[in-house]
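What follows is the residue order along each chain.
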Amino acid sequence: MKKSASKIVFLTVLLVASFSLKGQKVHRMDPPNWWVNHPLDTVEILLQGEGLLKWDVIVHNDAGKVLQTSHYGDHYSHVRLWIRPNYTKAAIPLKIGPYTFDFPLLKRNDHKPQGLSDSDLIYLITPDRFHNGDTTNDDIPGMRERGTNREAPYARHGGDLQGIQMGLDHIERLGATALWINPVLENDMERDSYHGYAITDHYKIDPRYGGNEAMIKLASALHKRGMKHIMDIVYNHWGIEHYLHRQLPDSAMVHFNTDGTIPYSNFRFSALADPHAMAQDKQAFEHGWFAGAMPDLDQTHPLTASYLNYSTLWYIEMFDVDALRCDTYAFSDPLFLRRMNQRLKRLYPNIFIFGETWSYNEASQAYFAPNKMYEGHFSLNDAVTDFTLWRAIHKMYNAEKHEQFGWNTGAGELYYRLVSDYLYEKPEDLIIFLDNHDDGRFLGQFSQDTTKLKSALTLLYAMRGIPVLYYGTELGLSGHQDHGAIREDMPGFEEEFPDFDKLGGDLLDLCQELGASRKHRGKTQVRQKVPKDGWYVLWITSEQGTWRLVINASDEQRTYTNEFEQEENEFAPWEAQMMELELLQRESHY
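Here's a quick rundown of the structure. Nothing here was measured: the structure is a model prediction, and the numbers come from that model. (Residues numbered from 1 in each chain as written. Predicted model: local features only at pLDDT ≥ 70, side-chain atom pairs only at ≥ 80, totals over all residues. Heavy atoms only, no water.)

1. What about the sheet that holds strand β3 (residues 34-36)?
Heads up, the rule is: A pair of strands is treated as paired once DSSP finds two or more bridges between them. The helix and strand labels rest on DSSP assignments: H or I over at least four residues marks a helix, E over at least two residues marks a strand, and numbering proceeds from the N terminus. Helix axes are fitted to C-alpha atoms over the stretch in contact, other axes to C-alpha atoms as well, and angles between N-to-C directions run from 0 to 180 degrees. Working rule for contacts: check all heavy atoms of both residues, and any pair within 4.5 Å makes them a contact.
Spatially, four strands are ordered β3-β9-β8-β5 in an open sheet, and the strand pairing comes out mixed. Each of the sheet's edge strands pairs with one partner strand only, and the pair in question is β3 and β5 (57-59). Between one strand axis and the next, the sheet turns by 45° as a mean value, whatever way the strands run. Each of β3 and β9 (99-107) touches helix α7 (residues 302-319); the most contacted strand, β3, lies at about 55° to it.

Right, dumping it as structure tokens:
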């Protein structure tokens with residue numbers, strides 16, 4: 001049986017352990033399964049139920065050994081189970097008191113996380129807003145937020161994983177090699193559940209997206225195309241309606257003030273790197289809630305750390321993940337991140353881990369990435385989202401007339417940002433973008449100026465780093481006023497997925513052309529020229545050749561004269577031109 005089919009059968013027949021005996025009940029166990037011959041032979045299982053305090057868990061010697069059972073009141077037991085390496089049966093019988101139930105073991109498939117490199121192009125999707133491929137899951141009885149309303153920007157609109165799978169031809173034609181989907185785990189919240197970042201069950205894909213089965217099918221479809229699956233993971237918080245939060249095993253798993261009130265974050269993650277920071281400022285950042293609907297988790301608590309750890313490993317195995325994007329990365333406990341990433345790299349050597357760091361200066365951003373400032377990188381991730389480059393690009397294209405020819409403004413803004421790459425071990429691994437699901441779309445922020453967008457896209461695809469294209473940018477989506485608008489519906493949202501190639505359009509044509517060119521170039525190195533008179537010039541080299549990008553970062557129609565070749569090119573305001581150079585010309589430019 002094919003690996004995806006076997007997983008689907010398992011999900012279809014599995015009933016989470018639920019039994020009742022003389023006042024004792026077990027409602028669920030997490031993780032709900034493990035894998036035969038998994039390289040991690042110790043699993044920590046959280047049992048939830050009633051009357052658990054009086055019993056420890058026992059397994060037969062031929063299957064393994066219970067190393068420890070910890071009880072959290074009468075409702076939770078945390079079981080540390082060692083599985084014998086040569087144990088190959090489909091389940092491990094777990095005995096609780098007089099009752100025995102099975103802990104399923106699946107066969108592992110041959111998928112090994114492929115990671116990411118600077119030859120990749122990421123396509124980013126907010127799944128509720130991409131395409132509604134299955135209207136039967138739009139309204140799920142029993143969930144707190146019912147139905148869809150496409151007129152309400154913060155309501156659910158009905159996009160799902162089937163809709164994304166229907167759009168894979170379009171995504172692949174853009175040259176995308178990796179798909180980053182905003183979180184799809186269950187968000188059973190009263191409102192605003194569409195964004196995905198208020199998780200209420202770490203072992204369940206939201207049924208409004210199609211459930212676990214739809215995610216298995218999508219991951220399989222991606223890998224058949226040679227594309228990579230990026231999981232958007234959240235360690236920092238969960239939703240207020242999370243099943244564990246509604247009945248906390250231990251109140252210390254979540255950060256509260258001593259009087260039981262909610263501490264809110266000051267959002268100043270620079271305090272962690274600040275050698276002069278006040279202790280209370282660091283604590284306000286690390287222990288503060290991101291929002292009232294998303295309680296801040298204490299990853300130093302052993303049960304919190306265990307739950308996040310094993311649910312992440314389960315997701316990677318179940319849905320064949322290649323890379324992790326870690327939401328609110330800086331907000332999590334540094335030691336937890338280090339241990340988590342260390343384990344991930346040991347189990348999956350090629351997995352790529354990048355953290356979201358909404359930074360305002362290069363040093364504080366580099367603090368959370370592999371860098372050259374500190375002895376030993378503290379969290380062992382591969383990269384971060386390059387918000388400082390995003391900000392420099394926006395400042396260059398937004399420069400006023402008097403700034404366009406400045407020393408450190410206009411093109412100088414972008415130049416000095418790249419100068420700071422000396423802080424990073426691998427600046428080519430940084431995740432780069434023009435906009436995303438949290439920031440207003442570039443086209444909207446720049447008043448529908450398609451010339452600037454085309455120029456910025458050309459720059460993005462030429463720049464060092466791993467670029468991200470936010471869904472719909474190629475079709476001119478421009479929402480920017482608020483989060484609901486930023487995450488607007490893709491055109492042709494319902495019924496059959498449109499053939500956008502037939503509709504055409506300059507932006508779509510450009511994105512396809514840039515994607516194909518980037519795929520052709522592969523891994524590259526870049527060199528930048530000191531900006532002069534508002535010109536930004538970037539040289540790009542790879543095994544396939546050498547290219548020169550020139551951007552007229554001004555409001556003026558101008559002529560650019562190449563000092564080496566004595567050639568002249570006319571440039572419209574803000575225009576970018578990229579040219580492949582002849583072999584004989586390459587060496588003279590370095």
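That shown, we press on.
2. A word on the pattern of salt bridges
Inclusion rule: In the sections that follow, a salt bridge refers to a side-chain nitrogen of Lys or Arg positioned within 4 Å of a carboxyl oxygen of Asp or Glu. Under the scheme applied here, a residue whose accessible area is under 20% of the maximum for its type counts as buried, over 50% as exposed, and between as partly exposed, the area being computed with a 1.4 Å probe on protein chains only.
Under the definition given, this model contains 33 salt bridges. Arg144 is paired through a salt bridge with Glu241; the nearest N and O atoms lie 3.4 Å apart. Note that Arg144 is positioned in the loop between β10 (122-125) and α2 (161-166) and Glu241 in the loop between β14 (228-234) and α5 (270-273), a separation of 97 residues in sequence. A salt bridge links Asp501 to Arg173, with the nearest nitrogen and oxygen atoms 2.8 Å apart. Here Arg173 lies in helix α3 (residues 168-173) and Asp501 lies in helix α15 (residues 500-503), a separation of 328 residues in the sequence. Given a relative accessible area of 34%, Asp501 falls into the partly exposed group. Its relative accessible area of 36% is what places Arg173 among the partly exposed residues. Ionic contacts of the salt-bridge type, sharing partners, join the residues Arg144, Asp188, Glu241 and Arg246 into one network.

3. Concerning the sheet that holds β10
The sheet built from eight strands is open, its strands ordered β17-β16-β15-β14-β11-β10-β19-β18 with parallel pairing. Bordering the open sheet on either side are β17 (383-384) and β18 (431-433), each of which pairs with just one other strand. Judged from the four bridges that link them, strand β15 (residues 323-327) and strand β16 (residues 352-355) form a sheet pairing that is parallel. By the bridge assignment, Ala323 is partnered in β16 with Phe352. Contacting β18 and β19 (466-470), helix α13 (residues 450-462) crosses the sheet at an angle of about 145° to β19.

4. Some words on the environment of Arg150
Short version of the rule: N or O atoms closer than or at 3.5 Å make up a polar contact, with two conditions inside protein: a donor-capable atom paired with an acceptor-capable one, and, for residues adjacent in sequence, both atoms drawn from side chains.
Relative to the elements of secondary structure, Arg150 occurs in the loop between β10 and α2. Arg150 gets classed as partly exposed once you look at its relative accessible area, which sits at 35%. Apart from the residues within four sequence positions on either side, Arg150 is in contact with His157, Asp489, Phe493 and Glu494. Of the polar contacts made by the side chain of Arg150, one reaches the side chain of Asp489; its length is 2.7 Å.

5. A look at a nonpolar patch on the surface
Keep this limit in mind: Residues with no salt bridge and a relative accessible area higher than 30% make up the patches, which join like charges within 9 Å and nonpolar side chains (Val, Leu, Ile, Met, Phe, Trp, Tyr) within 5 Å. Note on areas: Shrake-Rupley, 1.4 Å probe, and residue coverage restricted to the protein chains presented here.
Residues Trp407, Tyr416, Val419 and Tyr422 make up a contiguous nonpolar surface patch of roughly 500 Å² in combined accessible area. As for its position among the elements, Tyr416 is in helix α11 (residues 411-419).

6. Description of the packing of aromatic side chains
The cut-off we apply is this: Working definition: rings of Phe, Tyr and Trp (its six-membered ring) pair if their centres are within 6.5 Å, and the pair is stacked with planes under 30 degrees apart, edge-to-face with planes over 60 apart, and tilted otherwise.
Inspection of the entire model under this criterion finds 37 aromatic pairs. Between the aromatic rings of Phe267 and Phe290, the centroid separation amounts to 5.6 Å while the plane-to-plane angle is 75°, which identifies the pairing as edge-to-face. Of this pair, Phe267 sits in the loop between β14 and α5 while Phe290 sits in the loop between α6 (279-287) and α7, and the two are 23 residues apart along the sequence. Owing to a relative accessible area of 43%, Phe267 belongs among the partly exposed residues under this scheme. Judged by relative accessible area, Phe290 falls into the partly exposed class, the value being 31%. A ring pair is formed by Tyr367 and Phe368, whose centres lie 5.0 Å apart and whose planes are at 85°; its orientation type is edge-to-face.

7. Comments concerning α13
One turn of an α-helix holds 3.6 residues; hence residues three or four places apart share an orientation. What counts is decided by this rule: Expected span, for any helix, means 1.5 Å times one less than how many residues it has.
The first and last C-alpha atoms of α13 sit 18 Å apart over 13 residues, in line with the 18 Å expected at 1.5 Å per residue. Structurally, the start of α13 carries an N-cap: the backbone nitrogen of Thr451 is 3.1 Å from a side-chain oxygen of Asp449.

8. Concerning the packing of helix α10 (residues 387-397) against α13
We apply this condition: Definitions for this section: a left-handed crossing has its near helix turned counterclockwise from the far helix by less than a right angle. A right-handed crossing has that turn clockwise. Any residue that is not Ala, Val, Leu, Ile, Met, Phe, Trp, Tyr, Cys, Pro, Asp, Glu, Lys or Arg is counted as polar, Gly included; the first ten are nonpolar and the last four charged.
Viewed as axis vectors pointing N to C, α10 and α13 meet at an angle of 145°, and their least axial separation amounts to 11 Å. Considering the relative orientation of α10 and α13, their crossing is right-handed. Only Lys452, Ser455, Ala456 and Leu459 of α13 make contact with α10, whose side of the interface consists of Ile393, Met396 and Tyr397. Its residues assigned to classes, the contact of α10 with α13 comprises five nonpolar, one polar and one charged.

9. What to know about the packing of α13 against helix α16 (residues 506-521)
For clarity, the cut-off: If an angle is under 35 degrees, it is roughly parallel; if it is over 145, roughly antiparallel; if it lies from 65 to 115, roughly perpendicular; otherwise it is oblique.
Close contact between α13 and α16 brings their axes to 10 Å; oriented N to C, the two are set at 15°. Judged on the interaxial angle alone, α16 and α13 are roughly parallel. Crossing angle aside, the handedness with which α13 passes α16 is right-handed. Contact residues: Leu453, Lys454, Leu457, Thr458, Tyr461 and Ala462 in α13; Asp506, Leu507, Leu510, Cys511, Leu514, Gly515, Arg518 and Arg521 in α16. The residue makeup of the contact of α13 with α16, split by class, is eight nonpolar, two polar and four charged.

10. Thoughts on the pairing of strand β20 (residues 525-528)
Strand direction decides the pairing type here: β20 and strand β21 (residues 535-542), joined by four bridges, are antiparallel. Within the sheet, the bridge partner assigned to Val526 lies in β21 and is Ile540. Counting the residues in the hairpin turn of β20 and β21 gives six residues, including Asp533, whose phi is positive at 55°.

11. Some points on the pairing of β16
To be explicit about the condition: Convention used here: a crossover is right-handed provided that the path from the first strand, over the helix, to the second strand proceeds clockwise when the strands point away from the viewer.
Burial along β16 is two-sided: Phe352 and Phe354 facing one way and Ile353 and Gly355 facing the other are all buried. Taken together, β15, helix α8 (residues 334-347) and β16 form a β-α-β motif whose crossover is right-handed. Examined bridge by bridge, β16 and β17 share two bridges and lie parallel to one another. Bridge pairing in β17 links Gly355 to Val384.

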